[in-house]
Amino acid sequence: MANYSPGIRDNSGQLLSHLYNYLLSVSLRESQILTQLRQETAQQPMSGMQISPYQGQFMALLLRLMGAKKVLEIGTFTGYSALWMALALPSDGTLTACDMNEEYGAIAHRYWQTAGVADKITLHLAPALDTLDNLLATGQADTFDFVFIDADKVNYGHYYEKSLDLLRPGGLIAIDNVLWSGAVADPTITDPDTLALRHLNQALHQDDRIELSLLPIADGLTLALKRF
Ligand SMILES: C[S@@+](CC[C@H](N)C(=O)[O-])C[C@H]1O[C@@H](n2cnc3c(N)ncnc32)[C@H](O)[C@@H]1O
């Protein structure tokens, strides 16, 4: 296959590092508190789970574009993506965050407090499927403006269905890691995470409840807009 971006990406499709650094140098507007959280998260053994700063800035832009007020995040880790989003919300905006790990949650809370957005965010430390079921059971279907899915991949199909129920018509779901470092396009790779992502990508392609865009940024980001 021809290289679709000669001189921009390496053979694995990654942006060349000097260009990535250039991109950040001319576009990233990361506040000091976000930088500090990113630096602390980099000390974590699982730091690779955090989204990249330019993806955070992109999602913040999406929220501002939509005038989003009510956001759901499935998979919060140390709170970096949530912090980008909370900073983009108006003062009466809310972010419902889902994770299961108390240690990560404690780091997140510390930074959310310092950034002055802790009162916008409610972190539910429980299996995300339970949290989503509770949101649906408490009458919150059709109320969220934006959902970010970034937790365990095997449950992505369930997260997508429940998120679609929770989303208002015209609301947006962003789904992270949909290219899974390229594994989804290699049929010889059949581990449960890859199968789940491949299945979801195929299902969304046929799903007429949404407008669809799969962007090859970071590890692949799908945007699904709930049709009216
Ligand atoms: C990829 S990380 C999230 C990264 C975060 N969005 C960021 O950019 O900083 C995935 C998170 O999902 C959490 N997680 C995994 N399985 C979960 C489940 N069943 N319910 C809730 N959280 C889960 C993990 O504890 C982990 O913190």
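Residues numbered from 1 in each chain as written. Predicted model: local features only at pLDDT ≥ 70, side-chain atom pairs only at ≥ 80, totals over all residues. Heavy atoms only, no water.

S.K.: Any chance you could break down the nonpolar core for me, citing the residues and the numbers?
M.R.: Judged by nonpolar contacts, the single largest core of 34 residues is most densely connected at Leu63, Val71, Met85, Leu95, Trp112, Phe146 and Phe148. Top element by residues in this core is helix 4 (residues 80–88). It accounts for 7 residues. (Core = buried A, V, L, I, M, F, W, Y, C linked by side-chain atoms within 4.5 Å. Buried < 20%, exposed > 50% of the residue type's maximum accessible area, 1.4 Å probe, protein only. Helix = DSSP H or I, 4+ residues; strand = E, 2+ residues; numbered from the N terminus.)

S.K.: Talk me through helix 4; I want residue IDs and the actual numbers.
M.R.: Counting buried positions over the 9 residues of helix 4 gives 8, a clear majority of the element. Residues of helix 4 that are buried: Tyr80, Ser81, Ala82, Leu83, Trp84, Met85, Ala86 and Ala88.

S.K.: Can you tell me about the pairing of strand 7 (residues 221–226), naming the residues and giving the values?
M.R.: Among the 6 residues that make up strand 7, 5 are buried, leaving the element largely enclosed by the rest of the structure. Two elements, strand 5 (residues 167–176) and strand 7, share 5 bridges in a ladder whose sense is antiparallel. Across the sheet, residue Ile173 finds its bridge partner in strand 7, namely Ala224. Bridging between strand 6 (residues 210–215) and strand 7 involves 6 bridges; their strand directions are antiparallel. Looking at strand 7, one finds that Ser213 is bridged to Leu223. Counting the residues between successive antiparallel strands, the hairpin from strand 6 to strand 7 contains 5 residues, one of them, Ala218, with a positive phi of roughly 50 degrees. (Pairing = 2+ DSSP bridges.)

S.K.: Summarise the packing of helix 6 (residues 128–137) against helix 7 (residues 156–166); cite the residues concerned and give the values.
M.R.: At a closest axis distance of 10 Å, the pairing of helix 6 and helix 7 adopts a crossing angle of 20 degrees. The angle between the axes of helix 6 and helix 7 places the two elements in the roughly parallel class. When the axes of helix 6 and helix 7 are compared, the crossing they make is left-handed. Within the contact between the two elements, helix 6 uses Ala128, Leu129, Leu132, Asp133, Leu135 and Leu136 and helix 7 uses His158, Tyr159, Lys162, Asp165 and Leu166. (Axes fitted to C-alpha atoms, helices over the stretch in contact; angles between N-to-C directions. Parallel < 35°, antiparallel > 145°, perpendicular 65-115°, else oblique. Left-handed = near helix turned anticlockwise from the far one by under 90°. Contact = heavy atoms within 4.5 Å.)

S.K.: Please give an account of the pattern of salt bridges that cites residues and values.
M.R.: Scanning the entire structure with this criterion turns up 10 salt bridges. Here Asp92 ties to Lys69 by a salt bridge, and the two come within 2.8 Å at their closest N and O atoms. Here Asp92, found in the loop between helix 4 and strand 2 (94–99), pairs with Lys69, found in the loop between helix 3 (53–66) and strand 1 (70–74); they are 23 residues apart in sequence, far enough to count as distant. With relative accessibility at 47%, the residue Asp92 sits in the partly exposed group. Exposure remark for Lys69: the relative accessible area of 40% places this residue in the partly exposed category. Two residues, Asp150 and Lys153, come together in a salt bridge whose shortest N-O distance is 3.6 Å. Each member of the pair, Asp150 as well as Lys153, carries the same accessibility label: buried. By sharing partners, the salt bridges in this structure join Glu161, Asp207 and Arg209 into a single network. (Salt bridge = Lys/Arg side-chain N within 4 Å of Asp/Glu carboxyl O.)

S.K.: Can you break down the site of the ligand residue by residue, with the values?
M.R.: Surveying the vicinity of the ligand reveals 19 residues, the closest of which are Gly75, Ser81, Asp99, Ala128 and Asp150. For the ligand, a nitrogen atom lies 3.2 Å from a polar atom in the side chain of Asp152. Note that a nitrogen atom of the ligand is positioned 3.4 Å from one of the side-chain N or O atoms of Tyr159. Burial of the ligand by the protein amounts to 88% of the accessible area it has alone, namely 600 Å². (Near = heavy atom within 4 Å. Polar contact = N/O pair within 3.5 Å; in protein donor to acceptor, adjacent residues only side chain to side chain. Areas by Shrake-Rupley, 256 points an atom, 1.4 Å probe, with all protein chains shown as cover.)

S.K.: I'd like to hear about the sheet that holds strand 5, residue by residue, with values.
M.R.: The 7 strands are arranged 3-2-1-4-5-7-6 in an open sheet whose pairing can be described as mixed. Both edges of this open sheet fall to strand 3 (121–125) and strand 6, since each of them pairs with a single strand only. Between one strand and the next, the sheet's axes are offset by a mean angle of 15 degrees, whatever the strand orientation. With 5 bridges connecting them, strand 4 (residues 144–149) and strand 5 associate as parallel partners. In the sheet register, Ile149 faces strand 5, and the bridge partner there is Ile175. In the packing of helix 5 (residues 102–115) onto the sheet, contacts are made with strand 2 and strand 3, and the angle to strand 3 comes to roughly 170 degrees.

The analysis is restricted to geometry; functional conclusions fall outside its scope.
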